[in-house]
Each structure stands twice: as structure tokens, then as C-alpha cells.
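Listed below are the residues making up each chain.
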Amino acid sequence: MLMIISTPIGNLGDITQRATHMLEKADIIACEDTRQTRKLLSLLNIPKSAELWAYHDHNGAKVRPRLIDALKAGKGVALVSDAGTPLISDPGYKLVAACHKNGVAVTAAPGPTAPVMALTLSGLPSDKFTFQGFVPQKETAAKQALKESQPLMMTQIWF
């Protein structure tokens, strides 16, 4: 089973007991940066029994089939990001889609997510909102994206 695990955003106390338990029982932990995840596991006093596999935009196409093979072989795979909830503006959604396509079960340990946290702290209307992801890096593309979103009559969250 693939386990999507939210990790703390700056405060170790934000990790849930359920997330910690899932990390403890994982055979493989797929993560953005193995160094960051090693630090987290150390702070949580989780033994170094799981294999850490780097999984990010640059290697996703190569690593994803290996993760699917491991899952089909009965391994428990945890997916974490460096901070917050995986799949929010990262390649995790491609792994979840591959799991669904291959009949692999997926579960999640809910927890911190930066866009929702920002919304709850902002004082802006939260009855309708949209998450727009990252502002494009190139100035022309950024201006175009912002122009296209201008007519939306709801709170917009951008990274």
C-alpha cells in the first residue's frame, strides 16, 4: 500500500501519531530529499529500517515504475515531502495515478498543508478559494497567469 504522509511545516509537534506510525512500518520511504527525511526520522526516534528513495520531478519517471513494482511485491511505501502534504505542487500525483492504474491501494495520514494554513491565517474569505500552484518563473508567463486568474471571484492561493 502507498501511504501519503504529511510532514511538519517548521514545527515537529505538527506530526500526527498516525503519520509517525506509518513511517515506522514503511519498508520504503519515497522522499524529495533523503537528507531532510533522515533528519525527520531521527527527530522522531524512528529506527533506520526503511530504505529511503529519492523521488522528485527530476527522477520521477525512472523511480515510479520501481516503486510500483515494490508495492505490487507487497512492500509498504510511504511518500513524504520535505514539509507539508505530498502531491501539492509536486510529482506525487503521478505516483498515486500509477497506483490506481495498477490496482495498488493508497491511503493517507492527513496533516499540515501550507495553502490551507495560509488561508486560515489570512482573514480572507475561505468559503470559496482556488489553489493556483507556483507562479511561473518567467516574467511573461507569470503576468499571463495572473491576468488569466484575475476574473476569478474567490480567494486565490499562489506559491
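To start, this report covers the structure provided alongside it. The shown structure was predicted, so the numbers you read here are calculated from the model rather than taken from an experiment. (Residues numbered from 1 in each chain as written. Predicted model: local features only at pLDDT ≥ 70, side-chain atom pairs only at ≥ 80, totals over all residues. Heavy atoms only, no water.)

Taken as a whole, the second largest pocket encloses approximately 210 Å³ of empty space. The residue inventory of the lining of the second largest pocket, partitioned by class, reads five nonpolar, five polar and two charged. (1 Å grid on protein atoms, 1.4 Å probe; cavity = no way out; pocket = protein on both sides within 12 Å on 5 of 7 lines; lining within 4 Å. Points joined across faces, edges and corners; volume = space filled by probe spheres on them. Nonpolar A, V, L, I, M, F, W, Y, C, P; charged D, E, K, R; others polar.)

Within a pair of aromatic rings, the relevant descriptors are the distance that separates the centres and the angle that separates the planes. Tallying each qualifying case throughout the model produces two aromatic pairs. Between the aromatic rings of Phe-131 and Phe-159, the centroid separation amounts to 5.0 Å while the plane-to-plane angle is 75 degrees, which identifies the pairing as edge-to-face. Separated by 28 residues along the polypeptide, Phe-131 in strand E6 (residues 129–131) and Phe-159 in the segment after strand E7 (155–157) bring together distant segments of the chain. Judged by its relative accessible area of 27%, Phe-131 falls in the partly exposed class. Judged by relative accessible area, which is 34%, Phe-159 ranks as partly exposed. Note on Phe-134 and Phe-159: the rings are 5.1 Å apart at their centroids and 65 degrees apart in plane angle, and the pair reads as edge-to-face. Separated by 25 residues along the polypeptide, Phe-134 in the loop between E6 and helix H6 (139–149) and Phe-159 in the segment after E7 bring together distant segments of the chain. Among the aromatic residues, ring-to-ring pairing joins Phe-131, Phe-134 and Phe-159 into one connected group. (Phe/Tyr/Trp six-rings, centres within 6.5 Å; stacked < 30°, edge-to-face > 60°. Helix = DSSP H or I, 4+ residues; strand = E, 2+ residues; numbered from the N terminus. Buried < 20%, exposed > 50% of the residue type's maximum accessible area, 1.4 Å probe, protein only.)

What follows is about the sheet that holds strand E5 (residues 106–109). Judged by pairing direction, the sheet is parallel, and its five strands sit side by side in the order E3-E2-E4-E1-E5 without closing on themselves. Pairing within the sheet leaves two strands with one partner each, and these edge strands are strand E3 (51–54) and E5. Strand-to-strand twist in this sheet, taken as the mean axis angle between neighbours without regard to direction, amounts to 25 degrees. Where strand E1 (residues 2–5) meets strand E4 (residues 77–80), three bridges bridge the pair, whose relative direction is parallel. Bridge pairing in E4 links Ile-4 to Leu-79. Most of the contacts of helix H2 (residues 34–43) go to E3, to which it runs at about 145 degrees, and overall it touches strand E2 (28–31), E3 and E4. Along the sheet, helix H3 (residues 60–72) makes contact with E1, E2, E3 and E4, crossing E3 at roughly 150 degrees. (Pairing = 2+ DSSP bridges. Axes fitted to C-alpha atoms, helices over the stretch in contact; angles between N-to-C directions. Contact = heavy atoms within 4.5 Å.)

Time to look at the pairing of E4. Of the two faces of E4, both are covered, the one formed by Val-77 and Leu-79 as well as the one formed by Ala-78 and Val-80. Judged from the four bridges that link them, E2 and E4 form a sheet pairing that is parallel. When the bridges of E4 are listed, Cys-31 appears paired with Val-80.

Among the surface-exposed residues, Ile-88, Phe-134 and Phe-159 lie close enough to one another that they form a single nonpolar patch of about 270 Å² accessible area. On the basis of relative accessibility, which here comes to 54%, the residue Phe-134 falls in the exposed class. (Patch = residues over 30% accessible without salt bridge, like charges linked within 9 Å, V, L, I, M, F, W, Y side chains within 5 Å. Areas by Shrake-Rupley, 256 points an atom, 1.4 Å probe, with all protein chains shown as cover. Salt bridge = Lys/Arg side-chain N within 4 Å of Asp/Glu carboxyl O.)

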